[in-house]
Amino acid sequence: MKIVVTGASGFVGQSLVPLLARAGAELLLVGRDPARLTELFPNCESCGYDGFEQRAQGWDQLIHLAVANTNSGLGADEFMRVNVDFLIEIADKARRAGISRLVNVSSTHALDEANHAPYALSKREAVNRLATISGMTVTTVYLPLVYGERFARLNRLPRWLARGLFAVVAALRPVVHVERLAEFILSGSESDPESDVILSDSQHGNYLFHTAKRAVDLGAALGILLLLWWALVLIWAYIRLDSPGPGVFAQLRVGKNGREFVCYKFRTMKLGTRQAGTHEVSASAITPFGRFLRARKLDELPQIWNILRNEMSLIGPRPCLPTQTALIAARKRRGVLDLKPGVSGLAQINGIDMSDPERLARWDARYLALQSLRLDLAIGMSTLTGRGQGDKVAE
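Scope of this entry: the structure provided in the associated data block. Keep in mind it's a predicted model, so treat the numbers as computed, not measured.

Rules used throughout
Residue indices follow the written sequence of each chain, beginning from 1 at its first position. Per-residue local features of the predicted model are confined to residues with pLDDT of at least 70, and side-chain atom pairs are confined, for both listing and counting, to 80 or more; whole-chain, interface and lining totals are unaffected and use all residues. Based on all heavy atoms of the structure, the side-chain values leave hydrogens and waters out of the count. Detection works on a 1 Å grid of protein atoms alone, calling trapped sets that fit a 1.4 Å probe cavities and calling open sets with protein on both sides within 12 Å along at least five of seven lines pockets, with lining residues defined by an atom within 4 Å of a point. Grid points are joined across faces, edges and corners, and a volume is the space filled by probe spheres set on the points. Segments assigned H or I by DSSP are reported as helices when at least four residues long, segments assigned E as strands when at least two residues long, and all are numbered from the N terminus. Any residue outside Ala, Val, Leu, Ile, Met, Phe, Trp, Tyr, Cys, Pro, Asp, Glu, Lys and Arg is labelled polar, Gly included; the first ten of those are nonpolar and the last four are charged. Between the first and last residue of a helix there are one fewer steps than residues, each counted as 1.5 Å, and that sum is the expected span. Relative accessibility under 20% of the residue-type maximum defines a buried residue, over 50% an exposed one, and the middle range a partly exposed one, all with a 1.4 Å probe and only protein chains included. Read the arc as the range of directions from the helix axis to the C-beta atoms. Should any heavy atoms of two residues lie within 4.5 Å, those residues are counted as being in contact. Distance thresholds for patches are 9 Å for like charges and 5 Å for nonpolar side chains (Val, Leu, Ile, Met, Phe, Trp, Tyr), applied to residues having over 30% relative accessible area and no salt bridge. Only the protein chains shown count as cover for residues, and all accessible areas are computed by the Shrake-Rupley method using a 1.4 Å probe. Here, a salt bridge means any Lys or Arg side-chain nitrogen found within 4 Å of an Asp or Glu carboxyl oxygen. Two N or O atoms form a polar contact when they lie within 3.5 Å of each other; inside protein one atom must be a possible hydrogen donor and the other a possible acceptor, and for residues adjacent in sequence the pair counts only when both atoms belong to side chains.

Taken as a whole, the second largest pocket holds about 1,400 Å³ of empty space. The wall of the second largest pocket is formed by 48 residues, among which Ile198, Arg362, Ala365, Arg366 and Ala369 lie closest to the centre. Contributing elements (two or more residues each) for the lining of the second largest pocket: helix 5 (118–130), helix 7 (178–186), strand 9 (196–198), helix 8 (207–227), strand 12 (313–315) and helix 14 (357–370). For the lining of the second largest pocket, the element with the most residues is helix 14, which contributes 8 residues. Of the residues assigned to the lining of the second largest pocket, the class counts are 16 nonpolar, 14 polar and 18 charged.

This is the structure:
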């Protein structure tokens, strides 16, 4: 594989290039200072941006790492010039050189639409501009905190202490080893059909993260049960008096690893309403008190029992019905079924419900990739302040 890399002199580039070279890739490194690139990587070809188009004729893919980072101290116009205009210029040269694939490396900071910092705005605009380029496959890869063989100050500490501190960092925020990026690049165009990809280590093997998450789940569930039991009883009693039917509604849902479990909620719909996704149920099926409960997510309170049984978590993808096969298939394809479902989730606080299975699965996969204690806290706070009010009913 013949790979062109821009911005190879940065941290990610210095960690990535040796991995690609060891895997047997032929590399052309492009930068403003070719002499510096030759000094860093004496066994790789290098050139400046002026000669890039001629030197890269017939190469396979371009990995664009050249970027103005958040700590560069540039103004908004300069961020746009470097992260947007310069990128499009490079992409056009690559297309004319016959390069069939462009991998645009970005940061997960740019995924947050509420982030209006010049860096994030410029990286989002870059993605919009890249979408207009034809004649080549363009993939934007979003990376969280990147680490490699060296992890800055932690390498100066004793190994046992460095490992412990790194586990804390990885529990609090998403991280990715640069090997993941190398594997993605070397897999070529077959690696992922999506135009946007998030790479991370996930929290699969982080014992500290899972211990802390479970402790928070249990603490919250027990706290609600011990302190608000009287409110649960009052809500149950009012539902029974408000309309015919039980106070608590039990429904089969799909949980972790695709296993089915019984999910409990306060009943918000009239007795006899058909079993279907909320978006498929008419608004007339919601009782007046049920509308009040759903608007405040109070109908979810009985799910503390599911949390205590370790069937659910406070934060995670919302569990779907076994009949929602399109959503189940989309989640399975993206690895989302590896997660415990949650009372609230990233998709829900962003107003995405089960009416669009593919879109919901993509957001669930985003949560899987970005999962951290800090993100869980942010989702929980957003839910408490009024976001994530559940699936919308049909009109």
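Next comes the rest of the description.
This paragraph deals with empty space enclosed by the protein. Counted under the stated rule, the structure contains 1 cavity of 30 Å³ or more. As a volume, the largest cavity reaches approximately 70 Å³. Taken together, Val254, Gly255, Lys256, Pro317, Arg318, Pro319, Arg331, Val336, Leu337, Leu339, Lys340 and Pro341 make up the lining of the largest cavity. A per-class count over the lining of the largest cavity returns 7 nonpolar, 1 polar and 4 charged.

Bringing helix 15 (residues 373–384) into the picture now. End to end, helix 15 covers 16 Å across 12 residues, agreeing with the expected 16 Å (1.5 Å per residue, within 8%). Taken residue by residue, helix 15 has Leu375, Asp376, Ile379, Gly380, Ser382 and Thr383 as its buried positions. Each buried residue of helix 15 sits inside an arc of 165 degrees when the element is viewed along its axis, so together they form one side. The outward face of helix 15, more than 90 degrees from its buried face, is lined by the exposed residues Arg374, Leu377 and Leu384. Packed against the buried residues of helix 15 are helix 8, strand 12, strand 13 (342–344), helix 13 (346–349) and helix 14. Looking one or two residues beyond helix 15, the residue adopting positive phi is Gly386, at roughly 115 degrees.

Turning to a nonpolar patch on the surface, a few remarks are in order. Together, Leu222, Leu225, Leu226, Leu227, Leu228, Trp229, Trp230, Val233 and Leu234 give the surface a local cluster of nonpolar side chains, amounting to about 940 Å² of exposed area. Put simply, the parts of the chain that give the nonpolar patch at least two residues each are helix 8 and helix 9 (229–242). Relative to the assigned elements, Leu228 resides in the loop between helix 8 and helix 9.

We now examine the environment of Arg267. Looking at the element boundaries, Arg267 is found in the loop between strand 11 (260–266) and helix 10 (288–295). Taking relative accessible area as the criterion, Arg267 reaches 6% and is therefore assigned buried. Considered as a pair, Arg267 and Ser243 are 24 residues apart in the sequence and their alpha carbons are 9.8 Å apart. Among residues more than four places away in sequence, those in contact with Arg267 are Ile239, Ser243, Pro244, Gly245, Pro246, Gly247, Val248, Phe249 and Thr287. Engagement of the side chain of Arg267 in a polar contact is seen with the side chain of Ser243, the distance being 3.0 Å.

Not every positive phi belongs to a glycine, and Ser202 is a case in point at roughly 60 degrees. With respect to the element layout, Ser202 can be found in the loop between strand 9 and helix 8. Of the residues examined, Ser202 reaches a relative accessible area of 32% and is grouped as partly exposed. Residue Lys297 is not a glycine yet carries a positive backbone phi of 60 degrees. Within the secondary structure, Lys297 sits in the loop between helix 10 and helix 11 (304–308).

Where helix 7 is concerned, the buried positions are Val178, Leu181, Ala182, Phe184 and Ile185. End-on, the buried residues of helix 7 take up no more than an arc of 160 degrees, which puts them together on one face. Gly188 occupies a position one or two residues after helix 7 and carries a positive phi of about 75 degrees.

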